Amino acid sequence: MKKHRAPKTATHRRGSGGAPTYYECPECGYLTADQRFGNHEIVCPVCSAYGDGRRVFPTDRLRRLDARIRKYHHDGEPEIVVILAETFLESILEDIIDRILTAQGATVNVREVVLDAQRAIGARIGRLFPTLTGEEFEEAAAELGFREFPRRWRELRKARNAFIHDSPFRGPQEALTEEDSATAMELLDQAYALFVLINNRFAVRSGARSGDTQGN
Ligand SMILES: [Zn+2]
C-alpha cells in the first residue's frame, strides 16, 4: 500500500516538514497559501486589500503541536500521536469557530461565552457549527471535498476515548495501533486544507468587500 518514493513532506512543505503556512487578509480574513499575498505583491481576491504578511494560519501554538505530533509519529508512539492529534483537531476547530463568530460580529466576550458554553467537541460539531453556518459539518466537509473526514475523525475519537477511559463493560483498550497513528497523521494534514476552506466559505467578513469587483 505504501508508495515507493521519497516522502513528500520534504517537497510540498516549506521548511522542515511541518505545518503549512497560509496568509490571512487583514481586512476580510480570507486565507491563502499564495506567498505573493504574504509578500505584499498581490491583492486579496475577495476584498482587494493588500496582505501585511503578519497574520498567518495556523497559530504558533498549533504549529508547535504539529511539530510534536510529527516527532512522536516518527518515533512510533501511536498513543501520544492520537491523543495529541485529537487535541490539535479540537483546537483547530475552535480556532475556526472563533473566526466564524468574529466574522458574524461577535465581540471577544460573546465569543468567550459561546465557546465556554459549548466545550464538548460533539456539541461544537453537532450544534454550534450548524447554528453558525446553516450547514451540518458533515455536509460542509463533503461539499468542500472532504467527505470522509468527519467520520474518520469520529472513529479516531472513539479509539482515543476507549484507550483513555476505562470501561467496566468493554474493558480498557490496551493500545492504539500504528494504523490509528497513520489515520491521525492523515487527518492532521487534511485538517489544514479543510479548515482553510471552511474559513474562506463561512468566516470571511463580507462587510470588508471593497464595493464588488467592478472598477471604480
Ligand atoms: Zn480580503
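Residues numbered from 1 in each chain as written. Predicted model: local features only at pLDDT ≥ 70, side-chain atom pairs only at ≥ 80, totals over all residues. Heavy atoms only, no water.

Take the packing of aromatic side chains next. A complete count under the given rule lists nine aromatic pairs for this structure. A centroid spacing of 5.9 Å and a plane angle of 80° characterise the contact between F129 and F202, whose relative ring orientation is edge-to-face. With a gap of 73 residues between them, F129 in helix 6 (residues 121-133) and F202 in helix 9 (residues 178-202) connect regions that are remote in the sequence. Like F129, the residue F202 is buried in the burial classification. Through successive ring pairs, a cluster of aromatic residues spans F129, F137, F149, W153, F195 and F202. Between the NZ or CZ atom of R157 and the centre of the ring of W153, over which it lies, the distance is 5.2 Å. (Phe/Tyr/Trp six-rings, centres within 6.5 Å; stacked < 30°, edge-to-face > 60°. Helix = DSSP H or I, 4+ residues; strand = E, 2+ residues; numbered from the N terminus. Buried < 20%, exposed > 50% of the residue type's maximum accessible area, 1.4 Å probe, protein only. Lys NZ or Arg CZ within 6 Å of the ring centre and 35° of its normal.)

This part takes up the side chain of E135. Relative to the assigned elements, E135 resides in the loop between helix 6 and helix 7 (137-143). Only 2.9 Å separates the side chain of E135 from the side chain of R201, close enough to count as a polar contact. Every residue in contact with E135, bar those within four places of it in the chain, is listed here: F129, P130, A140, E143, R201 and F202. (Polar contact = N/O pair within 3.5 Å; in protein donor to acceptor, adjacent residues only side chain to side chain. Contact = heavy atoms within 4.5 Å.)

With that settled, consider the pattern of salt bridges. For the structure shown, the criterion picks out 18 salt bridges. Of the charged contacts, one joins R36 and D34 as a salt bridge, the two residues approaching to 2.7 Å between their closest N and O atoms. On the accessibility criterion, R36 (44% relative accessible area) is partly exposed. On the accessibility criterion, D34 (24% relative accessible area) is partly exposed. A salt bridge links D95 to R99, with the nearest nitrogen and oxygen atoms 3.0 Å apart. Note that D95 and R99 are positioned in helix 4 (residues 78-103) at a spacing of four residues, about one turn of the helix. Across the pair, R99 and D95 agree in class, each one buried. (Salt bridge = Lys/Arg side-chain N within 4 Å of Asp/Glu carboxyl O.)

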